[in-house]
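# A structural walkthrough
Listed below, chain by chain, are the residues.
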Amino acid sequence: MAYHSFLLEPISCHAWNKDRTQIALCPNNHEVHIYKKDGTKWTKIHELKEHNGQVTGIDWAPDSNRIVTCGADRNAYVWTLKEGSWKPTLVILRINRAARCVKWSPKENKFAVGSSSRLISICYFEQENDWVFSAYIKEVEEKPGPTPWGSKMPFGEVLFESGGTGGAAPSSSGGGGWVHSVCFSHSGNRLAWTSHDSTVSVAEGGKTGTVSSLSSETLPLLCVTFITENSLVAAGHDCYPMLYVYDGANASLTFGGKLDVPKQAASKDISARERFKNLDRRASETQSTDKDLNTLHKNSISQMSVLEGGRNQCTKFCTTGMDGGMGIWDVKSLESAMKNLKIV
Amino acid sequence: MSKNTVSARFRRVDVDEYDENKFVDEEDGGENQLGPDEAEVDSFIRQGNLIEALHAVLKNPPINTKNQNVKDRAEGLVLKVLSAFKSSDIEKAVQSLDKNGVDLLMKYIYKGFERPSENSSAVLLQWHEKALTAGGVGSIVRVLTARKTV
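The rules behind these values
Residues take numbers from 1 onward in each chain, read along the sequence in its written order. To read the labels, note that chains go from A and ligands from 1, taken in the order they are written. Reporting in this predicted model follows two pLDDT cut-offs: at least 70 for local features of residues, and 80 or more for side-chain atom pairs to be given and counted; totals over whole chains, interfaces and linings ignore these cut-offs and use all residues. No hydrogens and no water enter the side-chain calculation; it runs on all heavy atoms of the structure. Under the scheme used here, helices are H or I runs from DSSP no shorter than 4 residues and strands are E runs no shorter than 2 residues, and both carry numbers assigned from the N terminus. Per-residue accessibility, obtained with a 1.4 Å probe over protein chains only, is compared with the maximum for each type, and a residue is labelled buried under 20%, exposed over 50%, and partly exposed between these values. Two residues qualify as a contact provided that any one of their heavy atoms is within 4.5 Å of a heavy atom in the partner residue. Methods summary: accessible areas were calculated by the Shrake-Rupley approach with a probe of 1.4 Å, and residue burial reflects only the protein chains presented. What counts as an axis is a line fitted to C-alpha atoms, over the stretch in contact for a helix, and the angles between N-to-C directions run from 0 to 180 degrees. Here the word oblique covers every angle except those under 35 degrees (roughly parallel), over 145 (roughly antiparallel) and from 65 to 115 (roughly perpendicular). Should the near helix be turned counterclockwise from the far one by less than a right angle, the crossing is left-handed, whereas a clockwise turn marks it as right-handed. Polar here means any residue outside two lists: the nonpolar Ala, Val, Leu, Ile, Met, Phe, Trp, Tyr, Cys and Pro, and the charged Asp, Glu, Lys and Arg; Gly therefore counts as polar. In the sections that follow, a salt bridge refers to a side-chain nitrogen of Lys or Arg positioned within 4 Å of a carboxyl oxygen of Asp or Glu. UniProt positions are given in the numbering used here, feature names are shortened, and annotations may be inferred rather than shown by experiment. Whether two strands pair comes down to DSSP finding at least two bridges between them.

## Quick look at the overall build of chain A
Assigned secondary structure in chain A consists of two helices and 24 strands. Taking all 344 residues of chain A together, 44% fall into the buried category. Expressed as a percentage of contacts within chain A between residues at least 6 apart in sequence, the contacts between residues at least 24 apart total 43%. Here chain A has roughly 18300 Å² of accessible surface; of this, 52% comes from carbon and sulfur atoms.

## Concerning the overall build of chain B
Looking only at helices and strands, one finds six helices and zero strands in chain B. Ordered by position from N to C terminus, the α and β elements of chain B give α-α-α-α-α-α. Across the 150 residues of chain B, 38% fall into the buried class. Look at the contacts in chain B between residues 6 or more apart in sequence, and 74% of them connect residues 24 or more apart. Element-wise, carbon and sulfur atoms account for 50% of the exposed surface of chain B, whose accessible area totals about 9700 Å².

## Observations concerning the packing of helix α2 (residues 50–57) of chain B against helix α3 (residues 68–84) of chain B
Residues and elements named next belong to chain B. Here α2 crosses α3 at 160°, and the two axes come no closer than 10 Å. When the interaxial angle is binned, α2 and α3 end up roughly antiparallel. Two packed elements cross with a definite hand, and for α2 against α3 that hand is left-handed. Across the interface between the two elements, Leu50, Ala53, Leu54 and Val57 from α2 touch Leu77, Val78, Val81, Leu82 and Ala84 from α3. Grouping the constituent residues of the contact of α2 with α3 by class yields nine nonpolar, no polar and no charged.

## Re the pattern of salt bridges
Under the counting rule described, the total for this entry stands at 10 salt bridges over all chains. One salt bridge connects Lys49 of chain A with Glu31 of chain A, and the closest N-O pair in it is separated by 3.6 Å. Here Glu31 of chain A lies in strand β4 (residues 31–38) and Lys49 of chain A lies in strand β5 (residues 41–49), a separation of 18 residues in the sequence. Among the residues examined, Glu31 of chain A registers a relative accessible area of 19% and is labelled buried. Between Asp103 of chain B and Arg142 of chain B there is a salt bridge, with the nearest N and O atoms lying 2.9 Å from each other. Taken as a pair, Asp103 of chain B in helix α5 (residues 99–114) and Arg142 of chain B in helix α6 (residues 120–145) lie far apart in primary sequence, 39 residues in all. Taken individually, Asp103 of chain B and Arg142 of chain B each receive the classification buried, so the pair is uniform in this respect.

## As for the UniProt feature "repeat: WD" (unreviewed entry) in chain A
The positions that UniProt labels "repeat: WD" (unreviewed entry) are, in the present scheme, residues 48–89 of chain A. Annotated as 0% helix and 60% strand, the span residues 48–89 of chain A places its first and last C-alpha atoms 12 Å apart.

## Considering the sheet that holds strand β9 (residues 85–91) of chain A
Residue and element names in this part refer to chain A. In spatial order, the strands read β6-β7-β8-β9; together these four strands make up an open sheet with antiparallel pairing. Of all the strands in the sheet, the pair left with one neighbour each is β6 (55–60) and β9. Direction aside, neighbouring strands of the sheet carry axes that sit 25° apart on average. Bridge count for β6 against strand β7 (residues 67–71) is five bridges, and the pairing is antiparallel. What sits directly across from Val55, in β7, is Gly71.

See the structure below:
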C-alpha cells in the first residue's frame, strides 16, 4: 500500500493517464495540476489554469490523451497537449448551475457532463476543426444491442428505477439518501451505487431486475467501484475502503471486510514522562485513543479509480481524499494481509 | 468592503419554489396506518413480557401517514414500553431486534429527544447507547436522511 500526501487541501477529483505515470488532480481550487511519477516521488509538471470556479470533474482519455475538465463555473474545457503544454478549448454547455461530473465515451469522441441543473450535456468533439458542440441528450446513432436491462431500449427512457417509494419490498426502508456514486460492473449487467443513508446497493439487470441493498453500520460511502464481477470496493467518510461481496445466485450483498493497514498496537509500557506528556496534550494517559484514526487516509475518501486490471480483475486501485493524499492499494497484498478476506 | 445597507430579504426567497420542473415526492396514501396496537402492547406490559411488548410496539410504524395524532400516540406508546424496562434488560432487548428493528428504534429514540418529558431523556439515552452498539453510526445516519419519519 502506498500513500502519498500531495497537499494539505482536499483533492477534489483526479484522473490518471493511460500508463499511470501521470495524475491530474484539482487541489480544491480553480486549477488542475498534473504530477509525473519520478521513481517514488511525484513532481508537478503542469498547471492548467482556465476555470473560474472549482474544478469538479476530470477525465483523461487513455488513447487520444485528451483531458476534459468541468467546474463550478458552469463550463467544461477540453485540453490537448501541444508542444509540451496543455491548450484548452472551451465547451459551451448552456447549463445554469455548476457542472458536477464528466466522463469520456469509450470511443473518446464524445463526453457527458452531469450538472446541478439536472441536465446531462453530451458534447461532440470534432478533431479537424478543434471544435466542440454540445446538446442535451436527445438522439443516438447506433442503438446498442439488447442487454439484460431491456431489449427495446428506446432512447431517453428510464430503463430501471430504484429507491424512494416503499412499494417494492416491505423490508427495505424505502431509501432515504441521495446517491453519491454509481458504477457499472465490467459486463454491464450489474449496477452498484452508494447513497447518503449509509447503504450500498446492487441492481442486477434482467427480467427480475432485483435490487439488493445493505445498510451499513458506518458513515455514508462516497465512491464505489467493481473490482471483479462479484466484488465491490467502496469508501467514504470513514476514511478506509471496504469490501462488499455480491452473491448473484441469492441476490444478496454482504460486507466482506475493512481494507486497511492496521497500525501497530501501542506499546504497553509508557514511561511516566510519556504519560504526563499525553495527559497534557490529549487529556488521556495513553498514546492512542479510540478517536485516533489508524487508517491510511486521515480524512474522508472522495474518489476511487481502478489503476490496473479493469473492473473485472482489478489488481490495483487508487483513492484520493479530503486529506490531500492519494493511496494506492494492491489487491493481492490486501488479500494476503487480511485474514478471511477472499475476493471472489 | 462597502456595507450592505439595502434589505437582505431577497436571500430568504426560495428560488426552487418557482421552478416549474420541481420534483414533487409522491405521497403514499397512509390512511391505513394506525400505528402499533395499543391494547396488544398494554397487555404484554401487564403480563411483564417486555420484549414482546417491544416487538409489538415496533410493528406498524406510522411512517406514511400525515396524521400527527397517530404519530404522537405511537411515540407515547413506545416511550411507555421503553421506560418499563429495567436498565440491565435493555441490551438483551436490543439484541432481539433485527436490523430494520434497530433502525426503527433509533427513529423513535430521536423523535423522543425532540420533545423531552420528565424522565424520558435519561431512559432514551440508555436505549440510545445500546442501539448505537447494535446499529452503528449508520443507523443514526439513516434517521437523519429518512424522508418518511415516525
